[in-house]
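Here's the letter readout for the chains.
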Amino acid sequence: MSVKKKPLVVVTRKLPDSIETRMRELFDARLNLDDAPMSAEQLADAARTADVLVPTVTDSITSEMLNQPDCKLRLIANFGNGIDNIDVAAAHARGITVTNTPKVLTEDTADMTMALILAVPRRLIEGAALLTDGGEWPGWSPTWMLGRRLGGKRLGIIGMGRIGQAVARRARAFGLQIHYHNRKPVAPRIADELGATYWDSLDQMLARMDIISVNCPHTPATFHLLSARRLKLVRKDAFIVNTARGEVIDEETLTRLIESGDIAGAGLDVYEHEPAVNPKLVRLAKHGKVVLLPHMGSATIEGRVEMGEKVIINIRTFLDNHKPPDRVLPGML
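Residue indices begin from 1 for each chain and proceed along its sequence in written order. The model is predicted, so local features are restricted to residues of pLDDT at least 70 and side-chain atom pairs to those at 80 or more, both for listing and for counting; the totals for chains, interfaces and linings are taken over all residues. Water and hydrogen atoms were dropped before computing side-chain values, which therefore reflect all heavy atoms in the structure.

A. Structural context of the packing of helix 1 (residues 17-26) against helix 13 (residues 301-319). For the pair helix 1 and helix 13, the least separation of the axes is 9 Å and the interaxial angle reads 15 degrees. Classified by the angle between their axes, helix 1 and helix 13 sit roughly parallel to one another. Pair helix 1 / helix 13 crosses with right-handed handedness. Mapping the contact onto sequence places Ser 18, Ile 19, Arg 22, Met 23 and Leu 26 in helix 1 and Val 305, Gly 308, Glu 309, Val 311, Ile 312 and Arg 316 in helix 13. In this analysis an axis means a line fitted to C-alpha atoms, helices contributing only their contacting stretch, and an angle means the value between N-to-C directions, from 0 to 180 degrees. To qualify as a helix, a DSSP run of H or I must reach at least 4 residues; to qualify as a strand, a run of E must reach at least 2; elements of each kind are numbered from the N terminus. If an angle is under 35 degrees, it is roughly parallel; if it is over 145, roughly antiparallel; if it lies from 65 to 115, roughly perpendicular; otherwise it is oblique. Helix crossings are classified by the rotation of the near helix relative to the far one: an anticlockwise turn of less than a right angle makes the crossing left-handed, while a clockwise turn makes it right-handed. Contacts are assigned to residue pairs that have any heavy atoms within 4.5 Å of one another.

In structure tokens, the structure reads:
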């Protein structure tokens, strides 16, 4: 009796051991054991040879790769919620299904957002570095290392989806007043629960907030949503936190405005040209003006395992000729 051949699944980065082991059991899984990012040529080769590709946010899956005459891919099972790294329209036109891993990292990302909301106004990283980087602590003083109080301040959330709402719940517990800009208002019961004020005009909201949190996805419509013009509307004593995507903010202008004192500071977990970080931002961080993290918002063991389990479910469902639970269509973007 012939044994049915397992589908070839190419995984572009190292995943948790339990996920990789299960993939080897279920599929002909080609793993990336050294975790080195795959080149464009390697990704194109995977598209020609694999039945399923499991990319991450660092892998750019372009129309050129997907439109190769000998492209064999049937499914792109993205390891991540954001799919701005994939040309979904090109995949759909080619008959390639795309899935992602939603609803997994909401709480983890909201935790990190709240950590930055705390760290930037209260100068936590600056204070910690004084004790660990060889600085001399003169001792307690009534006027030394003063930050800003959170209670009573206005938090403006850009993007009131799952993560934005989770941030709002945390922020409200710290006494922040919740404001938000979204494509449309949230349901009345959610607005009532959060005590949230909706702003149809992003410009008007930006000019009135003490802290601004970016929690919207990166799409063509949100590229440089915080443009040079809009950043100039932000108050001089306000802070900006971004745990979404770096491309949403005009990073060069943000840096310049912080340097000049026209924006008080920022907490950034994502960057416009990742993995490159603007040297000017690094210099500002060394002077306590910004807090920089290396895209850690979703980095929990539990979250990564859940993401991997979703990927496996999407692949198995697809291979069983059913609609994967987390299918992404061009119209959803």
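Now, onward.
B. Molecular detail of a nonpolar patch on the surface. Candidate patch residues must exceed 30% relative accessible area and have no salt bridge, after which like charges are joined if within 9 Å and Val, Leu, Ile, Met, Phe, Trp or Tyr side chains if within 5 Å. Working definition of accessibility: Shrake-Rupley area with a 1.4 Å probe, residue cover restricted to the visible protein chains. The rule for a salt bridge is simple: a side-chain nitrogen of Lys or Arg has to be within 4 Å of a carboxyl oxygen of Asp or Glu. A contiguous nonpolar patch, built from Leu 131, Trp 137, Trp 140 and Trp 144 and spanning about 550 Å² of accessible area, is present on the exposed surface. Relative to the assigned elements, Trp 137 resides in the loop between helix 6 (124-132) and strand 6 (154-158). Under the relative-accessibility criterion, Trp 137 is labelled partly exposed at 49%. Throughout, exposure labels follow a simple rule: accessible area from a 1.4 Å probe, protein chains only, divided by the maximum for the residue type, with under 20% read as buried, over 50% as exposed, and the rest as partly exposed.

C. Up close: the environment of Gly 82. Take Gly 82: it is sitting in the loop between strand 4 (75-77) and helix 4 (88-94). Spatially, the C-alpha atoms of Gly 82 and Pro 102 are 8.3 Å apart, while their sequence positions differ by 20 residues.

D. The arrangement of the sheet that holds strand 1 (residues 8-11) in detail. Any two strands with at least two DSSP bridges between them are considered paired. Within the open sheet, the 6 strands sit side by side as 2-1-3-4-5-13. Their pairing is mixed. Of all the strands in the sheet, the pair left with one neighbour each is strand 2 (28-30) and strand 13 (327-328). As paired elements, strand 4 and strand 5 (residues 97-99) share 3 bridges and run parallel to each other. By the bridge assignment, Ile 76 is partnered in strand 5 with Val 98.

E. Just the pattern of salt bridges, in detail. What the rule picks out here adds up to 19 salt bridges. Note that Arg 48 is salt-bridged to Asp 45, the shortest N-O span being 3.5 Å. You can see Arg 48 and its partner Asp 45 sitting in helix 2 (residues 40-49), 3 residues apart, about one turn around the helix. Judged by relative accessible area, which is 33%, Asp 45 ranks as partly exposed.

F. Here's a closer look at the domain arrangement of the protein chain. Domain annotation of the protein chain identifies domain 1 (8-102 + 301-332) and domain 2 (105-292). Taken together, the contact between domain 1 and domain 2 spans 8 residues of the former and 5 residues of the latter. A combined buried area of about 510 Å² lies between domain 1 and domain 2, and 48% of that area is made up of carbon and sulfur atoms. Between domain 1 and domain 2 we count 1 salt bridge in total. Across the pair Arg 245 and Asp 84 runs a salt bridge whose closest N-O atoms are separated by 3.4 Å. Think of a polar contact as two N or O atoms within 3.5 Å of one another; within protein, one of them needs to be a possible hydrogen donor and the other a possible acceptor, and neighboring residues in sequence only count if both atoms come from side chains. Scanning the region where domain 1 abuts domain 2 turns up 2 residue pairs in polar contact (both at pLDDT 80 or more). Annotation comment: domain bounds sourced from an automatic or database domain assignment. Buried area, as used here, totals the accessible surface that two parts lose on assembly, with accessibility defined by a 1.4 Å probe and the loss added over both.

G. Structural detail: the UniProt feature "domain: D-isomer specific 2-hydroxyacid dehydrogenase NAD-binding" (unreviewed entry) in the protein chain. UniProt positions are given in the numbering used here, feature names are shortened, and annotations may be inferred rather than shown by experiment. Per the UniProt annotation, the sites labelled "domain: D-isomer specific 2-hydroxyacid dehydrogenase NAD-binding" (unreviewed entry) are residues 114-297. The annotated region residues 114-297 carries 34% helix and 15% strand content, and the separation between its end C-alpha atoms amounts to 10 Å.

H. A look at the sheet that holds strand 7 (residues 177-181). The strand order across the open sheet formed by 7 strands is 8-7-6-9-10-11-12, and the pairing between neighbours is parallel. Each of the sheet's edge strands pairs with one partner strand only, and the pair in question is strand 8 (197-198) and strand 12 (290-292). Bridging between strand 6 and strand 7 involves 5 bridges; their strand directions are parallel. Within the sheet, the bridge partner assigned to Gly 156 lies in strand 7 and is His 179.

I. Summary view of helix 7 (residues 162-173). Relative to the 16 Å expected for 12 residues at 1.5 Å per residue, helix 7 spans 17 Å between its end C-alpha atoms, a close match to the ideal helical length. When we look at burial in helix 7, the residues that qualify are Gly 164, Gln 165, Ala 166, Val 167, Ala 168, Arg 170 and Ala 171. The inward-facing, buried residues of helix 7 abut helix 5 (106-122), strand 6, strand 7, helix 8 (188-194) and strand 9 (211-214). One or two positions beyond helix 7, positive phi appears at Gly 175, with a value near 85 degrees. Working rule for helices: expected span equals 1.5 Å times residues minus one.

J. The UniProt feature "domain: D-isomer specific 2-hydroxyacid dehydrogenase catalytic" (unreviewed entry) in the protein chain, seen in detail. The UniProt record annotates "domain: D-isomer specific 2-hydroxyacid dehydrogenase catalytic" (unreviewed entry) at residues 18-328. Taken end to end, residues 18-328 comprises 39% helix and 13% strand; its first and last C-alpha atoms sit 26 Å apart.

K. Looking closely at the pairing of strand 7. Burial analysis of strand 7 places 4 of its 5 residues in the buried class, which makes it a mostly covered element. Seen with the strands pointing away from the viewer, any crossover whose path from the first strand over the helix to the second strand runs clockwise is right-handed. One crossover worth recording links strand 6 to the parallel strand 7 by way of helix 7, and it is right-handed. Inspection of the sheet shows strand 7 paired to strand 8 by 2 bridges, in the parallel sense. The partner of Tyr 180 across the bridge, within strand 8, is Tyr 198. Crossover connection from strand 7 via helix 8 to parallel strand 8: handedness right-handed.

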